[in-house]
Every structure is written in C-alpha cells, then in structure tokens.
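# Observations on chain architecture
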Amino acid sequence: MADPPGCCSTCATCLLCPYSCQWITAKKEKRKGLRTTKYDCSWFLFLFCVFLFTLAWLYFAIIILNDFHNFNEFIFRQRKLWLDWSLVLLIATAVLISYSSVLLVLALCLQLCGQPLKLHWVHKILLILTALVVAAAFTGLGIKWAEEWKSARISLQATGPFLHIGAVGGMTLLAWPLASFIYRTRNTGLRVFVLLVYCAAMIALYLAPLGITSPCIMEENQLPPKPALVGHRGAPMLAPENTLMSLHKAVDCDVQVFETDVMVSADGVPFLMHDEELIRTTNVQAVFPERAALNSTAFNWTDLQQLDAGSWFLERRPFPTVQSLSPGDRQEAAEQRIPSLEQALEAAKHSNISIMFDLRPENHSDYQNFVNVTLGVILQSGIPLQQVLWLPDGFREDVKQQAPGVQHIYGRKRVKNEKEPVLHVNLPYQDMSSEEIRQYRQDNISVNLYVVNQPWLFSMLWCSGVTSVTTNACQVLKKMKHPIWLLPSSTYFMIWIVVDCVSFLIIIWAFVLMKKCSHRRQPAESETDVLLTKINSLMQE
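On a predicted model such as this, the values are computed, not experimentally measured, just so you know.

The rules we used
- Residues numbered from 1 in each chain as written.
- Predicted model: local features only at pLDDT ≥ 70, side-chain atom pairs only at ≥ 80, totals over all residues.
- Heavy atoms only, no water.
- UniProt positions renumbered as here; feature names shortened; annotations may be inferred.
- Helix = DSSP H or I, 4+ residues; strand = E, 2+ residues; numbered from the N terminus.
- Domains from an automatic or database assignment.
- Contact = heavy atoms within 4.5 Å.
- Buried area = accessible area lost by both parts, 1.4 Å probe.
- Salt bridge = Lys/Arg side-chain N within 4 Å of Asp/Glu carboxyl O.
- Buried < 20%, exposed > 50% of the residue type's maximum accessible area, 1.4 Å probe, protein only.
- 1 Å grid on protein atoms, 1.4 Å probe; cavity = no way out; pocket = protein on both sides within 12 Å on 5 of 7 lines; lining within 4 Å.
- Points joined across faces, edges and corners; volume = space filled by probe spheres on them.
- Nonpolar A, V, L, I, M, F, W, Y, C, P; charged D, E, K, R; others polar.
- Phe/Tyr/Trp six-rings, centres within 6.5 Å; stacked < 30°, edge-to-face > 60°.
- Lys NZ or Arg CZ within 6 Å of the ring centre and 35° of its normal.

### A word on the UniProt feature "domain: GP-PDE" (unreviewed entry) in the protein chain
Taking the UniProt record as the reference, the feature "domain: GP-PDE" (unreviewed entry) is found at residues 227-481. Helix makes up 35% of residues 227-481 and strand 16%. Its end C-alpha atoms lie 11 Å apart.

Quick look at the structure:
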C-alpha cells in the first residue's frame, strides 16, 4: 500500500513498531507485499469492541464512586482489612482504558497512513485478558452490588445529553479512517456492509435525543428549592462518624438533621454506633482483645467509655479529606469517645437541629426493651419531640402512644388504603424515580434519599424536587448554589440540531477529501506497478 500524502515513511514506521511489535520500515512492508487481511480486520473489530467495553466500565467506575464507602465497609466486615478500594478500582480502570485507547489510536493512524494492521500476538493476548477482566468486573457488580445497575440508569439522566454529544463527536472522527478504508478496499460487499453499519449507527445517534429524558431539562423558574442536607452519621468526611465532633461539624455545614444509629448497652444506656461490632470505629481490640468480636450491646456503658472512638479515623483515613484536617481538628478527633444518645440529644437541642436515628440490632431478643429505654431517654432530655425523627419500624404503634409528638419516618413507599397517611419517607436514592419524587412532592410527602455524595447526583435529585438528602459530603453540597447544569428544552433542542448538522457536514467533508486523496494515489500506484513489472521481466531474462 502506498502512503497517502502527508504521511511520511518515518511516521508510518513509528506507528508500525508499537502496534506490530516489530521495528520494520514502511518500505520493507511494501516489498513484502503485506496487506490487511480479513483476519487482521477481525482483530481490529475486537480491539474496537474491547475499547468500548472498557470505556463503559470506566463510566460505571466513576458512577459507583458515590457509594464506594459502603463497599469499603463491606470488605472490612468480611476481611477485617481497611483499604480505600476506590483507588485500586480507578488505577486498574485507568490502565485498561489507556492500553486499549492507545492501541485503537495506533490502528486508526495506521489505516490513515495506508499501513497493514498486523496486530502482534502479545497485544492479542493482552486484549483478551482485558476483556475477561472487565467482564469479571461487570459480573461481580451484578452479583454482589446489583443496586448499582439502578445507579447507572439514574446517572444516564444526568449525563445523557453530554454522552450523546461525545458519542456523536467520536463517531464523527471515525469517519476519516473509515473513509480511507472504504476507498482502499477492493471488496465491494465489505465496503457496502461497513458503510451501511456506520450510517445506521450515525442515524441512531442523531435521533438519540428523542429518547433522552432528564429532570434538569427545564426552565430556570421551574427549579424546585435546594434539598435540605441530612448529615450521615454527622460529617464523616471531617470527623469520626457518630461522635459529638461529627455532629458539630455537620452543624457547621448547615445540615438540618443529624442522622445516626443507636444501640443499647448491656446496662441499658443508649449510645451511638453503626456497626454491630466495635472493631472498625474503636480500639476495642487493644482494650478488650478477648471480647472484641462480641456484639456492641454486650458491653456495659463503663466499658464503652474506655474506648477511643477517634484515632481510627486518623489512622485509616476513610476519606481523602482526612489529610487536609487542621492540627486542632486532628487533636479533637483523637480525643473522641463513644457518645450516649443523651449527649447527642443535648447537642442537637443546643444546635437547634433535628436528629434521625435507627435502633439496632432489629433482630435482638430484647428489642422492645431497647425501644422503651430509648423513648425514656428522649422524653427525659427535654428536646422538642418534633425534632426527633423516628426510623425503626418495630413497635412503632407503642412509640406513637408514648411520644405522640415524634415524627415518624418510613423506610418504604406509600401503599393504597393506608390507615394513616405517610408524610415522610426515607429511601435509597436508587429506589425512587424522578416521576415518583415529583408525585410525592405534589402530594406534600417529604422525601429523603440516601446516601448522596456526588454533586452530579445531588443536582439531578434537586431538579427532581426531592425534599432532602442524606450525605457524607455535607461540606461539598453546602457550597452548591445551583445544579451543575440546567438547560431549557429549547436550548437543548438547538444544541442537538447544531451538533448533528456539524457532524453531518464533517463526515461528508471527510469522505470527499479521502476520495480526492485516493484519486491522487491511483496514477502513482499504476506507474509503480508498471515499473515493478518491467523489473521483474528483466530479472527473469
């Protein structure tokens, strides 16, 4: 194959070396008469599919970062090993996408330069391994973390318009090597097939906005109020979770509700703790090594007060924000102890914020006593009962009778023909669609969704009209004065038409230009063939 104008022999050689893993000049390739075979085309198609596969995984990896702290906690409970696995995920994903991207770019450049696509066997093995690794990652996600598929579906509402523009741009750039291939190949059937597939893909992309919906495609004056913030175990990115320091940091972030978890000690003192074991968030292994694996409720209050509930935060650094803490905050974090519910209620009352909690463990044989003890502490604390948001479903009717002023939050959607109307719901953000959120808002039902950490997700729920969100990142969401993006439908329609028209014109230009280049090469190639025929005849004589 002859090099097209503008592609020098040195450039073609530099492209051939990393792709074919052979340092061979373009002139030698010509003398060998190497051409791109159907087998080579099959490997290029496989390379393209692997690239798209890894690109899709990169998208998923970015989306699931919102919930990755839950994954870290899950691994710790299983293996008793703390590591920020999000870094491992991102590094591995970056390596895979970079490798497939570089190979694809090399292949496209080789095609433009008229060089054969002779992929080396080492690359073939690595591409197969890449596909297997990504397939295993998707399979594991579906088995162990199936709710993240819902997160991906929700994310498409936030990113759909931009993914459409990116896809149109990428496919438009692909027109150059595609046109080069079509004008070079001598197989008419293959040429027609490739062209039809490309045209069908472009038509589908051009019409894709007809199926794209997003709550943030609306007029500015239709934007609902900003959702209130609920501190998930306080402000766990700024202080050890479920401590008084975490509560105070959450107050500084303008949260309206402090969300926590309550357990009851062996001697009947309700205290703040999320895990059933104390290992993750205290130094129980150092203080009570023989009892470290026991349930939190097996310890009396005197024992619990001996535990350090803050040093783990500085040592394990559950969030990257720990590194930026001031010396004063580090000192305060190291001094934290497990707070009692009474102390938390006093702090909430003093800060004029509400407190929402779950009572754990729900399957405990003495759970009714836990409810009664907890209610007793609430009633004795003097906090206004409307500032107490009750989440536990067990013995809810008893709670309504003993403390009628407490607000009841339900961890389920409303059902038909309920005796009492549901006024407040608390659900995972994956469990409610934008349409349901709007309907609940119209019916004056308060909707709180958890756990929302990323600005893109907060923006989408803001546009949907959610009442409040539970978050680990209150210091980030506090600063947001507006959704990340908000487009009137007329503006989005105009962007859609402009992008499609520009793409169409560029594609036409690419095919016209490559056709002219192919016509220029034909006379040169004909003269070369005549010269080679004469030389061959002379050598035979």
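### Focus: the domain arrangement of the protein chain
By the assigned domains, the protein chain splits into domain 1 (11-145), domain 2 (149-214 + 487-519) and domain 3 (228-275 + 337-478). Taking the mean C-alpha position of each, domain 1 and domain 2 sit 22 Å from one another. Opposite the 17 residues of domain 1 that make contact, domain 2 presents 16 residues. Interface area lost by domain 1 to domain 2 is led by Y59, Q111 and L112, which between them contribute 40%. The tally of links from domain 1 across to domain 2 stands at zero salt bridges. When contributions to the side of domain 1 that touches domain 2 are tallied by element, the ones reaching two or more residues are α3 (38-63), α5 (85-112) and α6 (121-144).

### With respect to the pattern of salt bridges
For the structure on display, the rule yields 20 salt bridges. Across the pair E73 and R77 runs a salt bridge whose closest N-O atoms are separated by 3.9 Å. Here E73 pairs with R77, and both are found in helix α4 (residues 68-79), just four residues apart, close to one helical turn. You can call R77 partly exposed: its relative accessible area is 40%. One connected set of salt bridges, linked through shared partners, spans E73, R77, R233, E241, D275 and R280.

### Structural notes on empty space enclosed by the protein
Across all of its chains, the model carries three cavities of 30 Å³ or more by this definition. Surrounding the largest cavity, E241, N242, T243, L272, M273, T281, T282, A309, W312, I338 and P339 form its lining. Looking at the lining of the largest cavity residue by residue, the classes come out as six nonpolar, four polar and one charged. Approximately 50 Å³ is the volume found for the second largest cavity.

### Examining the UniProt feature "transmembrane region" (unreviewed entry) in the protein chain
Under the UniProt annotation, "transmembrane region" (unreviewed entry) lies at residues 41-65, 85-113, 125-143, 163-183, 190-212 and 493-513. Taken end to end, residues 85-113 is 97% helix and 0% strand, and its first and last C-alpha atoms sit 42 Å apart. A helix fraction of 100% and a strand fraction of 0% characterise residues 493-513, whose end C-alpha atoms lie 30 Å from each other.

### Thoughts on the environment of Q439
Relative to the assigned elements, Q439 resides in helix α18 (residues 434-442). Considering only alpha carbons, one finds Q439 and G465, 26 residues apart in sequence, at a separation of 9.5 Å.

### Focus: the packing of aromatic side chains
All told, the structure shown has 21 aromatic pairs when counted by the stated rule. Both rings, one in W57 and one in F138, keep their centres 5.1 Å apart while their planes meet at 80 degrees; by these two values the pair is edge-to-face. Taken together, the residues W57 in helix α3 and F138 in helix α6 connect sequence positions 81 residues apart. This pair shows no difference in class: W57 is buried, exactly as F138 is. Ring geometry for Y183 versus F511: centroids 6.5 Å apart, planes at 70 degrees, classification edge-to-face. Remark: F511 occurs in helix α21 (residues 489-540) and Y183 occurs in helix α8 (residues 175-184); sequence separation between them is 328 residues. A residue is classified by how much of its surface remains accessible, and F511, at 16% relative accessible area, is buried. Among the aromatic residues, those joined into a ring-pair cluster are F53, W57, Y59, F60, F138 and W149. Here R396 stacks its cationic end above the ring of Y410, 4.3 Å away from the centre of that ring. Cation over ring: R414 sits above Y440, and NZ or CZ is 4.7 Å from the ring centre.

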